[in-house]
Amino acid sequence: RVAHELEPSLRIGIAEPARWNGLYGALAEFERLIRVIETELRDDALTAQYLIRVGAWRGRPEWIERGLALLARTQTPITVPFTLYGRTALKDPDVPAFMPDPAFFARSSPRFASIALQILSEGSMIGGRVEEAMGAVTRAAESVLADLAWMDGCPLLDPLRSRPEFAKARALVAARVEDIWL
């Protein structure tokens, strides 16, 4: 909140607290921050991304549908993958298994690729593809993933947390976070 107050145009200063509140179930605060993103930042793609992901995490199909409606009127690099993610979360029978373009991983920065792997793991869990999800978490952790809040808080990952390979992946991310911040 302080980052947003100091520099209102800094998107991450409001977007990251929105995501964090969605991860940890503070949904009233999430909704308040989404309204700020919509009204002050006027960023349909960012709003849609958070509505779709948090809607999937928290079982809120109305947020997913609202996010999909926002994406339908925008064209950004996230439009196609988040449309597929949202439709997968809504159990749309006409959607193929959620999978980003494999070429994407080869041409992306390691950080962007690790974010895509996070999204892939979530979409895989929604689709009941647990091994695929675990593989995506492992690949992200072995690259540059530094999102410990996601590893600890994303409800879609709950079934993975008791697995030894998840513990190993989490330890890699925790060590990376410690190296970055401490």
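These remarks concern the structure in this document. Just so we're clear, the structure is a prediction, and the values are computed from it rather than from any experiment.

## Describing helix α3 (residues 27–41)
The first and last C-alpha atoms of α3 sit 20 Å apart over 15 residues, in line with the 21 Å expected at 1.5 Å per residue. Buried within α3 are the following residues: Leu27, Phe30, Leu33, Ile34, Val36, Ile37 and Leu41. The buried residues of α3 occupy one face: seen down the axis, they fall within an arc of 165°.

## A look at the nonpolar core
Counting residues in hydrophobic clusters, the biggest one holds 52 residues, and the most contacted among them are Val137 and Trp150. In terms of residue count, the dominant contributor to this core is helix α4 (residues 44–58) (nine residues).

## Notes on the packing of α4 against helix α8 (residues 110–126)
Axis separation between α4 and α8 bottoms out at 11 Å; the angle between their running directions is 40°. One element, α4, and the other, α8, form an angle in the oblique class. Relative to α8, α4 is oriented so that their crossing is left-handed. Two secondary-structure elements touch here, α4 through Arg53, Ala56 and Trp57 and α8 through Gln118, Ile119, Glu122 and Ile126. Grouping the constituent residues of the contact of α4 with α8 by class yields four nonpolar, one polar and two charged.

## Focus on the side chain of serine 121
Tracing the backbone shows serine 121 in helix α8. Within the local environment of serine 121, its side chain forms a polar contact with the backbone oxygen of glutamine 118, the two atoms lying 2.7 Å apart. Setting aside chain neighbours within four positions, we find serine 121 in contact with Ala133, Ala136, Val137, Trp150 and Leu157.

## With respect to helix α11 (residues 164–181)
An ideal rise of 1.5 Å per residue puts 26 Å on 18 residues; α11 measures up with 26 Å between its terminal C-alpha atoms. Within α11 the residues assigned to the buried category are Phe166, Ala169, Val173, Arg176 and Val177. Here the buried residues of α11 occupy an arc of 100° about the axis, which is enough to place them on one side. The exposed set on the far side of α11, more than 90 degrees from its buried face, consists of Pro164, Lys168 and Asp179. The elements touched by buried residues of α11 are α9 (130–142) and α10 (148–153).

## Comments concerning the side chain of serine 114
Looking at the secondary structure, you find serine 114 in helix α8. For serine 114, the residues in contact, after removing those within four places along its chain, are Ala140, Ser143, Val144 and Leu145.

Calculation rules
- Residues numbered from 1 in each chain as written.
- Predicted model: local features only at pLDDT ≥ 70, side-chain atom pairs only at ≥ 80, totals over all residues.
- Heavy atoms only, no water.
- Helix = DSSP H or I, 4+ residues; strand = E, 2+ residues; numbered from the N terminus.
- Expected span 1.5 Å × (residues − 1).
- Buried < 20%, exposed > 50% of the residue type's maximum accessible area, 1.4 Å probe, protein only.
- Arc of directions from axis to C-beta.
- Core = buried A, V, L, I, M, F, W, Y, C linked by side-chain atoms within 4.5 Å.
- Axes fitted to C-alpha atoms, helices over the stretch in contact; angles between N-to-C directions.
- Parallel < 35°, antiparallel > 145°, perpendicular 65-115°, else oblique.
- Left-handed = near helix turned anticlockwise from the far one by under 90°.
- Contact = heavy atoms within 4.5 Å.
- Nonpolar A, V, L, I, M, F, W, Y, C, P; charged D, E, K, R; others polar.
- Polar contact = N/O pair within 3.5 Å; in protein donor to acceptor, adjacent residues only side chain to side chain.

By themselves, these figures tell us nothing about what the structure is for.
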